[in-house]
Amino acid sequence: MKTAKPFEIPKRLVWEAYRDVKAKGGAAGVDRESIEDFETDLKDNLYRLWNRMSSGSYFPPPVKGVAIPKKTGGVRLLGVPTVSDRIAQAVVKKVLEPVLDPGFDEDSFGYRPGKSAHDAVAKTRKRCWRYNWVVEFDIKGLFDNIDHGLLMRALRKHCDTRWVLLYVERWLKVPMQDPDGSVTLREKGTPQGGVVSPLLANLFLHYAFDAWVRRTLPTVPFCRYADDGLLHCVSKRQAEYVMRLVAGRFRECGLEIHPEKSRIVYCQDANRREKHADICFDFLGFTFQPRRCVSANRGLHPNFLPAISRASKKEINRQVRSWHIQLKNDKSIRDLSNMFDPVFRGWWSYYGRFYPTGMRQIWLNVNAYLVRWIRRKHKRFAKHKRRARSYLKRIARKNPRLFIHWELGCIP
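For clarity, every value in this text was computed on a predicted model and none was experimentally measured.

So, how was this worked out
- Each chain has its residues counted from 1, following the order in which its sequence is written.
- Residues qualify for local features only when their pLDDT is at least 70, as the model is predicted, and side-chain atom pairs are given and counted only at 80 or more; totals for whole chains, interfaces and linings, by contrast, use all residues.
- Excluded from the side-chain calculations are hydrogens and water; all other atoms, namely the structure's heavy atoms, are used.
- Helix numbers and strand numbers start at the N terminus; a helix is a DSSP run of H or I with at least 4 residues, a strand a run of E with at least 2.
- Throughout, exposure labels follow a simple rule: accessible area from a 1.4 Å probe, protein chains only, divided by the maximum for the residue type, with under 20% read as buried, over 50% as exposed, and the rest as partly exposed.
- Any pair of residues with heavy atoms lying within 4.5 Å of one another is described as a contacting pair.
- Here the open area of atoms and residues is found with the Shrake-Rupley method and a 1.4 Å probe, where only the protein chains shown may cover a residue.
- Only four residue types enter the tally: Lys and Arg on the positive side, Asp and Glu on the negative side; His and the chain ends are excluded.
- Working definition for charges: the position is that of NZ of Lys, CZ of Arg, CG of Asp or CD of Glu.
- Take a side-chain nitrogen of Lys or Arg and a carboxyl oxygen of Asp or Glu: if they are within 4 Å of each other, that pair is a salt bridge.
- Strand pairing is assigned whenever DSSP detects at least two bridges linking the two strands.
- Where helices are involved, their axes are fitted lines through C-alpha atoms of the stretch in contact, as for all axes, and angles between N-to-C directions lie from 0 to 180°.
- Of the grid points, spaced at 1 Å and generated over the protein atoms alone, those admitting a 1.4 Å probe that cannot get out make up cavities, while open sets with protein on both sides within 12 Å along at least five of seven lines make up pockets; any residue with an atom within 4 Å of a point is treated as lining.
- Grid points are joined across faces, edges and corners, and a volume is the space filled by probe spheres set on the points.
- Patch membership is restricted to residues that have no salt bridge and whose relative accessible area is over 30%. Joining uses 9 Å for like charges and 5 Å for the nonpolar side chains Val, Leu, Ile, Met, Phe, Trp and Tyr.
- Residue polarity follows a fixed list, in which Ala, Val, Leu, Ile, Met, Phe, Trp, Tyr, Cys and Pro are nonpolar, Asp, Glu, Lys and Arg are charged, and the others, Gly among them, are polar.
- Helices are assigned an expected span. That span is 1.5 Å times one less than the residue count.
- For classification purposes, angles smaller than 35 degrees are called roughly parallel, those larger than 145 roughly antiparallel, those between 65 and 115 roughly perpendicular, and all remaining angles oblique.
- Should the near helix be turned counterclockwise from the far one by less than a right angle, the crossing is left-handed, whereas a clockwise turn marks it as right-handed.

Considerations on the overall build of the protein
Move 1: Across its full length, the protein carries 15 helices and eleven strands.
Move 2: Residues counted as buried form 48% of the 412 residues belonging to the protein.
Move 3: In the protein, once contacts between residues fewer than 6 apart in sequence are set aside, the share between residues at least 24 apart is 67%.
Move 4: When the accessible surface of the protein is split by element, carbon and sulfur atoms take 50% of a total near 21,400 Å².
Move 5: Seen as two clouds, the 77 positive and the 42 negative side-chain charges of the protein have centres 11 Å apart.

Structure representation (structure tokens):
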């Protein structure tokens, strides 16, 4: 006689979760099993996972700690779950997200369907024109410091599905296997790198920050993308008050704002002439600061606008340099286009949305590498940089679609 499972989890849900995990790819976890390895016995592996989740006997293995370099220096420890655990988390996310996301604040943009970093930057740009002062904050180690008790209390407020609550609790407590092989037990936080972690972090911050701001500071607009946030103020005095209040609120919730990445910024432009030490801030890879702007009414004047940040440009230039384009003289110009232009288009799609001329120096650097490539590939140009540049210019004018920056008119 067949015994009913304690939890009703549709098999279709596990299949859809697998497809989502496969589409995103990712490294192997502590079991060293890749997605390709998992797929060698796909049907049995998915059935085994469904069976264990439905019976309540699924216990997640430790997450693999991987050190990821930060753009600003130092490293961030990313927790990589196994493939099967990522699928299990995706199952829970598929159930939880439709329940939680509609209740999140409209000014919370990170890791949410239908919202993007560009939406956050566009809204921030408009508010910087209306409000003179910005309180910028960054939460120090958000994913490592989320209070489990507070998070579960918030989750139970929205969800009463027993198996979802059971597995979320197990994921919160799962240990991390560090790069040296040692295992660290977890009493707080949720692994950065887990499928369900961003959703849980958004839930925590919804109550710790978003809903609290709406109650406590109803006239202060804010914008939050995961652990980065901004609040817009009408005066320096109000900004100082808001900064103190926000720092205190995060302490109450077991969190801390990063002292070096949190500050008060003055949105200086043609109409704002106060003196203040900080007149720029970085947000989502863009730097907001006074920039030259041309309008029909006012001609050339400074405006407070976003453009690709110095840190983002530095990282892009580092990546382009690592490709050693100039050494690939066994390749044709079309080969180089196939290899690198999709990446260039991705950068342009993101960073070119606001103040696109901020990317000009990147395109000039790419052209310089292509000139060096020509001088190595064609010996007749080895000692003639100017002639090599002219030759590349002819190629660019004849084939502008080879590279996105040629299409944009940045031709050697």
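Describing the pattern of salt bridges
Move 1: All chains considered together, the criterion is met by 17 salt bridges.
Move 2: For Glu136, the salt bridge goes to Arg263, with nearest N and O atoms at 3.1 Å. Linking Glu136 in strand 3 (residues 133-138) with Arg263 in strand 8 (residues 263-266), this pair joins segments that are 127 residues apart in sequence.
Move 3: For Glu136, a relative accessible area of 10% gives the class buried.
Move 4: In this structure, Arg224 and Asp210 form a salt bridge, with 2.9 Å as the shortest nitrogen-oxygen distance.

Some details on the sheet that holds strand 7 (residues 228-233)
Move 1: Read across the sheet, four strands follow the order 6-7-3-8 without closing on themselves; strand pairing throughout is antiparallel. Because the sheet does not close on itself, it has two edges, and the strands there are strand 6 (222-225) and strand 8. On average, each strand axis in the sheet is inclined to that of its neighbour by 20°, with strand direction left out of account.
Move 2: Where strand 3 and strand 7 come together, six bridges link them in antiparallel fashion. The partner of Val134 across the bridge, within strand 7, is His232.
Move 3: Here helix 9 (residues 197-216) sits on the sheet and contacts strand 3, strand 6 and strand 7; the angle it forms with strand 6, its principal contact strand, is near 175°.
Move 4: Sitting on the sheet, helix 10 (residues 236-252) is in contact with strand 3, strand 7 and strand 8, with an inclination near 20° to strand 3.

Observations concerning empty space enclosed by the protein
Move 1: In this structure the tally under the stated criterion is one cavity of 30 Å³ or more.
Move 2: Its boundaries defined by the atoms lining it, the largest cavity holds a volume of some 70 Å³.
Move 3: The wall of the largest cavity is formed by 14 residues, among which Gln89, Trp171, Thr190, Pro191 and Ser197 lie closest to the centre.
Move 4: Those elements that provide at least two residues to the lining of the largest cavity are helix 4 (83-100), helix 8 (162-173) and helix 9.
Move 5: Tallying contributions element by element places helix 8 first for the lining of the largest cavity, with three residues.

Focus: the side chain of Glu97
Move 1: Mapped onto the fold, Glu97 is located in helix 4.
Move 2: One buried charged residue, Glu97, forms no salt bridge at all, with the nearest opposite charge on Lys93 at 4.2 Å.
Move 3: Excluding anything up to four places from it in sequence, Glu97 contacts Pro102, Tyr111, Pro113 and Leu199.

Points about the pairing of strand 7
Move 1: Strand 7 sits mainly inside the fold: five of its six residues count as buried.
Move 2: Of the pairings in the sheet, the one linking strand 6 to strand 7 comprises four bridges and is antiparallel in character. Paired with Cys223 across the bridge in strand 7 is Leu230.
Move 3: In textbook terms, the turn of a hairpin is the stretch between consecutive antiparallel strands, and for strand 6 and strand 7 this stretch comprises two residues, one of which, Ala226, has a positive phi near 55°.

A short note on a positive patch on the surface
Move 1: Together, Arg372, Arg376, Lys379, Lys385, Arg386, Arg389, Lys393 and Arg397 make up a positively charged patch on the protein surface.
Move 2: Counting residues per element, the ones that place at least two in the positive patch are helix 13 (360-377) and helix 14 (385-398).
Move 3: It is helix 14 that contributes the most residues to the positive patch, five residues altogether.
Move 4: Secondary-structure assignment places Arg386 in helix 14.

Details of the layout of surface pockets
Move 1: Taken as a whole, the second largest pocket encloses approximately 250 Å³ of empty space.
Move 2: Leu150, Leu151, Arg153, Ala154, Lys157, Leu203, Phe204, Tyr207, Ala208, Arg249, Glu252 and Cys253 together form the lining of the second largest pocket.
Move 3: It is helix 7 (residues 148-158) that contributes the most residues to the lining of the second largest pocket, five residues altogether.
Move 4: Of the residues belonging to the lining of the second largest pocket, the class tally is eight nonpolar, no polar and four charged.

Here's the deal with helix 13
Move 1: Helix length check: helix 13, at 18 residues, gives a terminal C-alpha distance of 26 Å against a target of 26 Å (1.5 Å per residue), a fit within 8%.
Move 2: Taken together, the buried positions of helix 13 are Ile362, Trp363, Val366, Asn367, Tyr369, Leu370, Val371, Trp373 and Ile374.

Comments concerning the packing of helix 3 (residues 42-55) against helix 4
Move 1: Where helix 3 contacts helix 4, the two axes come as close as 11 Å, and the packing angle between them is 55°. Comparing the axis directions of helix 3 and helix 4 gives the class oblique. Of the two possible hands of crossing, helix 3 and helix 4 adopt the one that is right-handed. Contacts between helix 3 and helix 4 involve Leu46, Leu49 and Met53 from the former and Ser84, Ile87, Ala88, Val91 and Val92 from the latter.
Move 2: Per-class residue counts for the contact of helix 3 with helix 4 are seven nonpolar, one polar and no charged.

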